[in-house]
Amino acid sequence: MSHKVTLIPGEGIGPEVAVATKRILEATGIKIEWEEIEARAAETGGKGPLLNTAAVESVRRNKVALKGPMATAVAGGAPSVNVALRKTLDLYANLRPVKNLPGVKSRFENVDVVLVRENTEDLYSGLEHEVVPGVVESLKIITERASTRIAKFAFEYAKRAGRKKIHAIHKANIMKLSDGLFLKSIRTVAENYPEIEYKEMIVDNACMQMVLKPEQYDMLLLPNLYGDVMSDLAAGLVGGLGVVPSGNIGDEAAMFEAVHGTAPDIAGKGLANPTALLMSSIMMLDHLGERPAARRIEAALESIYREGKHVTQDVGGKAGTAEFTDALISALK
């Protein structure tokens, strides 16, 4: 069976890790027809780079996308293309599995937690304006509809994946209406899944607990902003964003992406680590029903890291992108 997939290489090291990931996927024998396209449109009208509508149309048509990292300006500049893609395509569920890779230095062992983050609303939506000079208002939007559907996604995922416990993360002690509605919606859904233990935890305590006893967590269910913060925090427990995958999933389409930075300082030097995008492509293969190929890549990746001879500099090795990729393809065979 052949699959048609939109490929958004991204910026900085994005094109390099995209090429490496494509090579590895091709080595499995899986037939993928790539439709390669840029997500950022050309700069127009002095408004800065905007979302490329052709990229949106491509993902809508193909239903699946693989995306490299893209930069977002801080405190100014154009809006985030990453957020725009997720909102435009209604990719409401951000799925972030965080697990130790053998050989990657970490203060923690046996970390195995899945974070499910609502992707379309909350403060992270960027709905803000200047009321008067020196006064800015940001709007936190929480709806019953979005909270209910992300809860259903999380509990259904737990059921399929054999996960036993979900913590809902909130600040409802202070934001009683917004985070209160988030919790109320989840509690209603949780009643339909008595086999899955449901717990709640305030976000500041949850962050402390994450770096004290991460093994207590199985799955976390979070609104958008807390989810962004805690998913990166969790990644730090296992070696950073370079060794964790991410998927953005909706009812009509899914986009799997590397969420690390664009690393412009090493772009074009053949030093980039393709692991995050490769791990995201493993999630993509599972989504496409290609589980045997996904498990083969997973096993080969773990063997490369366990051996440690062909890993890249960011994880303590000496290999470049090409050497890492060649070694993994050899491991596949």
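Computed from a predicted model, the values in this text were never measured in an experiment.

Enquirer: Help me understand helix α8 (residues 275–287) in this model?
Expert: Side chains that are three or four residues apart share a direction in an α-helix, a result of its 3.6 residues per turn. For α8, with 13 residues, the first-to-last C-alpha span of 18 Å sits near the 18 Å given by 1.5 Å per residue. Where burial is concerned, most of α8 is hidden: eleven out of the 13 residues are buried. All buried positions along α8 are accounted for by T275, A276, L277, L278, M279, S280, S281, I282, M283, M284 and L285.

Enquirer: Whenever I open this one, the packing of helix α4 (residues 144–161) against helix α5 (residues 178–190) confuses me. Can you help?
Expert: When two helices pack together, their arrangement is given by the angle between the helix axes and by the axis-to-axis distance. Taken N-terminus to C-terminus, the directions of α4 and α5 make an angle of 45 degrees; their axes are 8 Å apart at the nearest point. In this view, α4 runs oblique relative to α5, as classed from their interaxial angle. In this structure, the crossing between α4 and α5 has a hand that is right-handed. Residue-level contacts link E144, S147, T148, I150, A151, K152 and F155 of α4 to L181, F182, S185, I186, V189 and A190 of α5. A class-by-class count of the residues in the contact of α4 with α5 yields eight nonpolar, three polar and two charged.

Enquirer: What should I look at first to understand the pairing of strand β10 (residues 219–222) in this one?
Expert: Of the two faces of β10, both are covered, the one formed by M219 and L221 as well as the one formed by L220 and L222. For strand β5 (residues 112–118) and β10, the ladder comprises four bridges, and the chain directions are parallel. By the bridge assignment, V116 is partnered in β10 with L221. Pairing of strand β8 (residues 165–170) with β10, which is carried by three bridges, proceeds in the parallel orientation. Considered in β10, the bridge of A168 is made with L221.

Conventions we followed
- Residues numbered from 1 in each chain as written.
- Predicted model: local features only at pLDDT ≥ 70, side-chain atom pairs only at ≥ 80, totals over all residues.
- Heavy atoms only, no water.
- Helix = DSSP H or I, 4+ residues; strand = E, 2+ residues; numbered from the N terminus.
- Expected span 1.5 Å × (residues − 1).
- Buried < 20%, exposed > 50% of the residue type's maximum accessible area, 1.4 Å probe, protein only.
- Axes fitted to C-alpha atoms, helices over the stretch in contact; angles between N-to-C directions.
- Parallel < 35°, antiparallel > 145°, perpendicular 65-115°, else oblique.
- Left-handed = near helix turned anticlockwise from the far one by under 90°.
- Contact = heavy atoms within 4.5 Å.
- Nonpolar A, V, L, I, M, F, W, Y, C, P; charged D, E, K, R; others polar.
- Pairing = 2+ DSSP bridges.

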